Amino acid sequence: MLDEITISRAIAKTFMDDFLDYMEVDVAIAGAGPSGMIAAYYLAKEGVKTAIFERALRVGGGMPGGGMMFNRIVIQAEAKFILDELGIQTKEYEKGYFVADSLETVSTLCSKSIQAGAKIFNAISVEDVMVRENDRITGLVLNWSAVEVANLHVDPLTIRAKAVIDATGHPCEIAQIVTRKLGPNLNSSTGEVIGEKSMWAEVGEKALIDNTKEIFPGLYVTGMAANAVYGSPRMGAIFGGMFLSGKKAAELVMESIR
Ligand code: 48H
């Protein structure tokens, strides 16, 4: 006999136990796209308590759609070792260019990051940050994405983190919130988000690694958000830079919180 109330309790209780446990984390990541999930994987693998909060119902950000909905991604040779480590299949297309199935990449990355110990909370949006007197980001302000979509007036909840990573992609939402609320204090040339530039894959991919850094005390930026903050070009459906950027963000954060 299957009891519906037992099923409901099992879901509500185990979710709430995790949510309460993850209200204080080492690292909170906004966005479960490729860069956010890679950062979570490398952090969790080293025993760092990590949570991702993702607005959408599903994970992967811009990756499942590959290039123009052809569900393939391209990875340059320098980043292939990350896919190999995760067990994601790749095929060499031409010397130095590898192709992977975008759905295999998203699903493997999601499962490996969770199995390494990261928690992914989907359908939850980051709507603000917490700051303390020394102007340091100390956590995130969260609400259900459904509340955001319905434009309901519902107050949020908060979680505390030693470090926050903005992995929100093109809109670099956390960096935007910080400049809107705390003034032009980012470590970019203007103190604000400069805005991403038009497509130039070679330059965009290289810049992405340099742009992956702490942009405000306690706040790191990775992935497309990093190029948006520093005014570097987009790169299209090549994803090696996203993976290398997520890995670098994890390494920088680990150095700072240990
Ligand atoms: C919670 C949020 C919030 C919020 C956004 O866009 P993404 O895939 O980001 P990256 O940087 O890991 O990867 C970028 C890549 O997908 C891409 O767009 C490329 C390579 N473009 C090149 C080009 O030329 O166009 O994922 C970001 C995730 C998404 O899932 C959002 O739903 C989520 O972040 N998100 N989650 N709270 N406030 N804002």
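Scroll up to find the structure this text is about.
Let us look at the structure shown here. Quantities reported herein were computed from a predicted structural model and do not represent experimental measurements.

1. Overview of the site of the ligand
Here comes step 1: The local shell around the ligand holds 25 residues, among which Ser-35, Glu-54, Gly-62, Met-224 and Arg-234 are the closest.
Here comes step 2: Contact distances for the ligand include 2.7 Å between an oxygen atom and a side-chain N or O atom of Ser-35.
Here comes step 3: Note that an oxygen atom of the ligand is positioned 2.8 Å from one of the backbone N or O atoms of Gly-62.
Here comes step 4: Out of a free accessible area of 800 Å², the ligand has 90% covered by protein chains.
Here comes step 5: Of all the secondary structure elements, the ones that give two or more residues to the shell around the ligand are helix H2 (34-45), strand E2 (50-54) and strand E7 (124-132).
Here comes step 6: For the shell around the ligand, the element with the most residues is E7, which contributes three residues.
Here comes step 7: For the shell around the ligand, the class distribution of residues is nine nonpolar, 12 polar and four charged.

2. Some remarks on the nonpolar core
For soluble globular proteins, the rule of thumb is that nonpolar side chains tend to be buried together.
Here comes step 1: Formed by 76 residues in total, the largest nonpolar core has its most connected members in Phe-53 and Phe-243.
Here comes step 2: With eight residues, the single largest contributor to this core is H2.
Here comes step 3: If we skip the residues at most four places from it in the chain, Phe-53 touches Phe-19, Ala-28, Ile-29, Ala-30, Gly-31, Phe-121, Ile-124, Val-126, Leu-140, Leu-142 and Ile-159.

3. Things to note about a nonpolar patch on the surface
Here comes step 1: A cluster of nonpolar side chains, Phe-15, Met-16, Leu-20 and Trp-144, forms an exposed patch at the surface whose accessible area comes to about 390 Å².
Here comes step 2: Within the secondary structure layout, Met-16 lies in helix H1 (residues 4-21).

4. As for the packing of aromatic side chains
Here comes step 1: This structure, assessed with the given rule, holds seven aromatic pairs.
Here comes step 2: Taking 5.9 Å as the distance between ring centres and 85 degrees as the angle between the ring planes, the aromatic pair formed by Phe-15 and Phe-121 counts as edge-to-face. Here Phe-121 lies in strand E6 (residues 119-122) and Phe-15 lies in helix H1, a separation of 106 residues in the sequence.
Here comes step 3: A residue is classified by how much of its surface remains accessible, and Phe-15, at 31% relative accessible area, is partly exposed.
Here comes step 4: Through successive ring pairs, a cluster of aromatic residues spans Phe-15, Phe-19, Tyr-22, Phe-53, Phe-121 and Trp-144.
Here comes step 5: Directly above the ring of Phe-98 sits Lys-80, whose terminal nitrogen or CZ lies 5.2 Å from the centroid.
Here comes step 6: Taking the ring centre of Tyr-42 as reference, the NZ or CZ of Lys-247 above it sits at 5.3 Å.

5. Quick notes on the side chain of Thr-50
Here comes step 1: By the element assignment, Thr-50 lies in strand E2.
Here comes step 2: On the accessibility criterion, Thr-50 (0% relative accessible area) is buried.
Here comes step 3: Side-chain polar atoms of Thr-50 contact the backbone oxygen of Val-48, separated by 2.9 Å.
Here comes step 4: Ignoring any residue separated from it by four or fewer positions in sequence, one finds Thr-50 in contact with Tyr-22, Val-27, Ile-29, Ala-40, Leu-43, Ala-44, Ala-118 and Lys-119.

Scoring rules and cut-offs
- Residues numbered from 1 in each chain as written.
- Predicted model: local features only at pLDDT ≥ 70, side-chain atom pairs only at ≥ 80, totals over all residues.
- Heavy atoms only, no water.
- Near = heavy atom within 4 Å.
- Polar contact = N/O pair within 3.5 Å; in protein donor to acceptor, adjacent residues only side chain to side chain.
- Areas by Shrake-Rupley, 256 points an atom, 1.4 Å probe, with all protein chains shown as cover.
- Helix = DSSP H or I, 4+ residues; strand = E, 2+ residues; numbered from the N terminus.
- Nonpolar A, V, L, I, M, F, W, Y, C, P; charged D, E, K, R; others polar.
- Core = buried A, V, L, I, M, F, W, Y, C linked by side-chain atoms within 4.5 Å.
- Buried < 20%, exposed > 50% of the residue type's maximum accessible area, 1.4 Å probe, protein only.
- Contact = heavy atoms within 4.5 Å.
- Patch = residues over 30% accessible without salt bridge, like charges linked within 9 Å, V, L, I, M, F, W, Y side chains within 5 Å.
- Salt bridge = Lys/Arg side-chain N within 4 Å of Asp/Glu carboxyl O.
- Phe/Tyr/Trp six-rings, centres within 6.5 Å; stacked < 30°, edge-to-face > 60°.
- Lys NZ or Arg CZ within 6 Å of the ring centre and 35° of its normal.

Treat this as a map of the structure, not an account of what it does.
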